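Chain by chain, the residues run as shown.
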Amino acid sequence: MRMIIVGGGQTGRSLARLLLERRHEVCLIEKSCPRCTLLANELDAAVFPGDGTNVSILEAAGARKADCVMAVTGVDQDNLVAAQLAQGHFGAKKVIARVNDPRNAETFRALGIQNVVSSTDLVVQLIEQEADSAHTHLIASLEQGKGEIISMTLPYHTAWEGKALKNVSFPKGTLVISLIREGELTIPNGSTVLRAGDELVAVAEEKSRKGLRRVLGETR
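Rules and cut-offs
- Residues numbered from 1 in each chain as written.
- Predicted model: local features only at pLDDT ≥ 70, side-chain atom pairs only at ≥ 80, totals over all residues.
- Heavy atoms only, no water.
- Helix = DSSP H or I, 4+ residues; strand = E, 2+ residues; numbered from the N terminus.
- Buried < 20%, exposed > 50% of the residue type's maximum accessible area, 1.4 Å probe, protein only.
- Contact = heavy atoms within 4.5 Å.
- Areas by Shrake-Rupley, 256 points an atom, 1.4 Å probe, with all protein chains shown as cover.
- Pairing = 2+ DSSP bridges.
- Right-handed = clockwise from strand over helix to strand, strands pointing away.

Participant: Provide a residue-level description of the overall build of the chain, including the pertinent values.
Facilitator: Scanning the chain from terminus to terminus reveals seven helices and 11 strands. Out of the 220 residues in the chain, the part that is buried amounts to 43%. Considering only contacts in the chain between residues 6 or more positions apart, those separated by 24 or more positions represent 60%. When the accessible surface of the chain is totalled, it reaches about 11,700 Å², and 50% of it is carbon and sulfur.

Participant: An account of the pairing of strand E2 (residues 25–30) is requested, with residue identities and associated values reported.
Facilitator: Counting buried residues along E2, five of its six residues qualify, which places the element largely inside the surrounding structure. As paired strands, strand E1 (residues 2–6) and E2 are joined by five bridges and run parallel to one another. Looking across to E2, one finds that Ile-4 is bridged to Cys-27. What joins E1 to E2 is helix H1 (residues 10–21), and the crossover it makes is right-handed. Bridge analysis of E2 against strand E3 (residues 46–49) gives four bridges, and the strand direction is parallel. In the strand pairing of E3, Leu-28 is matched with Val-47. In this fold, the crossover linking E2 to E3 by way of helix H2 (residues 33–42) has right-handed handedness.

As C-alpha cells, this is what we get:
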C-alpha cells in the first residue's frame, strides 16, 4: 500500500519504520530541511521537504494515489488541515489524524475526520485493518471468537504464484479447506498450484489468524 506521512518527528519516524517493515511504500513530508536529510539517510522512504498543509506539497507527494494519508505532526491544527485536504481535495482512500490534545478529538470528528488517534500503535492498527479488508473476509467466527473461517484472495503480485500449497509456510493452527478460481470451487491438496486471484478459504485459531493473513499477503 502507498502511505503518506505528514510530520517527520518521533511519531512520524517510528511510524515510517514500522510501515516499511511491513513492506508498505512510504512517503514522508517534513517542514524541517535538516530533519528531512536525517530521515532520508535513515529510512528507505521518499522524503519531501515542505508543509503538509500545502496543496502543492501533498500533490507532489502523490496524495491523489495514496492508499492512506496520516497527519501526525506535533500541531493539532496542522494535522486537521492536512487530513481535511487529503480527504476532501485529494480523495485519499483512508485518512488518519493524530491528536496531541485528546480534547480536540471530538472537534476533528465533527469536522469530518473519523479516524482520530493519539498513538503510533493505534495508527498501525487502523492501517492493518484497512489492508486486511482489501483481501480478507470473515466468513464465520468459531467458539466465541477462538477461531475463524476466513477467505483471502491472493494479490496480483503474490509471492506464491506457481508454488504448490505444500510449499507455503502456513502458521500452526491453520488449515486451507477450499480454493475458488474463476468461480470454480475445488478441495486443494499439497500439490495444488496457486495463482494470483485465487480465493483461499481457511480455518484459523485466534492466535494464528494474523500470521495466516501475513503469509498469504506476501508479494514479490
